[in-house]
Amino acid sequence: MRSTRDIEHSLKHSDLEIDIHAPADQRVLSELVARHRKSMGTRRAIRRTLPRPFMAKVAAAAAVVVIAALLARHPLRREPAPTPPRRATVSAAELLTVRRLNTVYRRAGMQGLERQCEEAAERVNIRPTRMSVEDLIAEFNGS
Amino acid sequence: MLIWRFKCGDGEALCGIYRKYRTDMLKLAALLLHNGGDAEDAVHDVFVSFAQSADRLKLQGSLKGYLLTCVANNARNRNRARQRKQTVGLDEAAGVVCEAATPEQWVTYSEELRKWSNAMARLPYEQREAITLHLRAGMKFRRIAQCQGVSVNTVKGRYRYALEKLRSIVNGELEP
C-alpha cells in the first residue's frame, strides 16, 4: 500500500524516460528553423518599409526636444523692450503753482512740499545745497 | 543569452532551446493528453508558434516555465476539442501512448510513463492538470489557478482529490 506522500514523491522524482527518434526529431527541427528564418525575413522586410513604433516614438521625442531647444535660444517673437515710464510733461513753474502746492501739502505735508520743490529744481537744473520753499518761489518769481 | 540570440534571428539558438526543453514538454503533454499523437502535435504546435514569434516574445519568468505553460494551454484546448467531438470511449483510447513505434513517430514512451499516463487518464482533466503542472512542471498553485481561471483553494482541492484518487488507482482499490 502506497501513501499519498509516496505517490507524490514518485510522480515528482521519477524519470519517466522517453526515446526521441532522431530522423523525426531532425525533421521537426528543420521545419522549425525554416519557419523561424521565414518569420524573421518577413519581419525585417516589414521593418524596412515601416518604421517600428518604438523607433518612431524615440525619433518624435528627439525632434520635440531639438525644436524646444532651438526655440529657447532663438524665440520667434521677441518680447517688446519695456518702455521707460513717461515723465509728466509738466513744467517747473506749473509744479510750483499755489494749487499744486496746496494739493501736495494736503497729501504729504511739508515733506511732500520739499520733494515737489526738489523735483522742480531738477527740471530747471538748479542744484542748491539747501533751499527752502520760500527761496525757491522767490527764485522762480524772479525777485 | 540563448533567448537574446533567438530573438536576433539566430537559428542555432532555436536549435539549442529545442534540444534543451523538448523532452520535458513531451513528457508533460503525454501525461496531460494520454495520447502520443496529440502530445507530439501539442509540442510541435508550441514550438512552431514559438519559432514564429521571435521578436514579439516578452518573457517575464523562465523560458522553461513559459514553454511548459504553452504546452499546458495547448493541451487544454485539445482536450476541450476532443470532448466536443468525442466518439471513442476511454477504454478504447486507453494506452494510445504505448503503441509501438512507427517510422513517422517522433517519440517512444517508457513503461513507467505509460503507467502514469494510464492512471492520469482516469482523473478528471482539471485534477490531472493540477497535479501534473504542480509535480512535473514545478508550477506554484497560484500560477496554476491563473492558468485555469479559478481560485487557489480550488486548485489545492483538485490537487488533493487527484492525489487521493491516484493513490487508490495505484493501490488497486479502483478497477483499472
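Not measured: the values here are computed from a predicted model.

### Notes on the overall build of chain B
Summing up its helical and strand segments, chain B has nine helices and one strand in all. Across chain B, helices and strands are ordered from the amino to the carboxyl terminus as α-α-α-α-α-β-α-α-α-α. The buried share of chain B, reckoned over its 176 residues, is 48%. A separation of at least 24 residues holds for 68% of the contacts in chain B among residues at least 6 apart in sequence.

### Structural notes on the overall build of chain A
Secondary structure summary: chain A contains six helices and one strand in total. Along chain A, helices (α) and strands (β) appear in the sequence α-β-α-α-α-α-α when read from the amino end. In chain A, which comprises 143 residues, the share counted as buried stands at 23%. Summarising the internal contacts of chain A: among those between residues at least 6 apart in sequence, 38% fall at separations of at least 24. Split by element, the accessible area of chain A, about 11600 Å² in all, is 56% carbon and sulfur.

### What about the packing of helix H2 (residues 11-33) of chain B against helix H3 (residues 36-52) of chain B?
Residue and element names in this part refer to chain B. Closest axis-to-axis distance for the H2/H3 pair is 8 Å, and the angle between their directions is 145°. The chirality of how H2 crosses H3 is right-handed. Where H2 approaches H3, its residues Leu14, Ile17, Tyr18, Arg22, Met25, Leu26, Ala29, Ala30 and Leu33 are matched on the opposing element by Asp38, Ala39, Glu40, Ala42, Val43, Val46, Phe47, Phe50 and Ala51. In terms of residue class, the contact of H2 with H3 is built from 15 nonpolar, no polar and three charged.

### Some details on the side chain of Gln148(B)
Residues and elements named next belong to chain B. Tracing the backbone shows Gln148 in helix H8 (residues 141-148). A polar atom in the side chain of Gln148 sits 2.7 Å from the side chain of Glu129. A distance of 2.7 Å separates polar atoms of two side chains, one belonging to Gln148 and the other to Arg158. Once residues within four sequence positions are removed from consideration, Gln148 is found in contact with Glu126, Glu129, Ala130, Val155 and Arg158.

### Structural notes on the pattern of salt bridges
The final tally for this structure, using the stated rule, is eight salt bridges over all chains. With its nearest N and O atoms 2.9 Å apart, the salt bridge here joins Arg22(B) to Asp25(A). One end of the pair, Arg22(B), is in helix H2; the other, Asp25(A), is in helix H2 (residues 22-49), on a second chain. Both residues of the pair, Arg22(B) and Asp25(A), count as buried. Note that Arg35(A) and Glu31(A) form a salt bridge whose closest N and O atoms lie 3.0 Å from each other. Taken as a pair, Arg35(A) and Glu31(A) lie in helix H2 at a separation of four residues, close to a single helical turn. Using a relative accessible area of 33% as the deciding quantity, one classes Arg35(A) as partly exposed. According to the relative accessible area criterion, Glu31(A) is partly exposed, its value standing at 27%.

### Overview of the state of the cysteines
Any covalent bond linking the sulfur atoms of two cysteines counts as a disulfide. Residues and elements named next belong to chain B. For the coordinates displayed, the defined rule picks out zero disulfides over all chains. No disulfide involves Cys147; its sulfur sits 9.6 Å from the nearest other cysteine sulfur, which is in Cys70. Cys147 gets classed as buried once you look at its relative accessible area, which sits at 17%.

Each value, and the rule that gives it
Residues numbered from 1 in each chain as written. Chains lettered and ligands numbered in written order. Predicted model: local features only at pLDDT ≥ 70, side-chain atom pairs only at ≥ 80, totals over all residues. Heavy atoms only, no water. Helix = DSSP H or I, 4+ residues; strand = E, 2+ residues; numbered from the N terminus. Buried < 20%, exposed > 50% of the residue type's maximum accessible area, 1.4 Å probe, protein only. Contact = heavy atoms within 4.5 Å. Areas by Shrake-Rupley, 256 points an atom, 1.4 Å probe, with all protein chains shown as cover. Axes fitted to C-alpha atoms, helices over the stretch in contact; angles between N-to-C directions. Left-handed = near helix turned anticlockwise from the far one by under 90°. Nonpolar A, V, L, I, M, F, W, Y, C, P; charged D, E, K, R; others polar. Polar contact = N/O pair within 3.5 Å; in protein donor to acceptor, adjacent residues only side chain to side chain. Salt bridge = Lys/Arg side-chain N within 4 Å of Asp/Glu carboxyl O. Disulfide = S-S within 2.5 Å.

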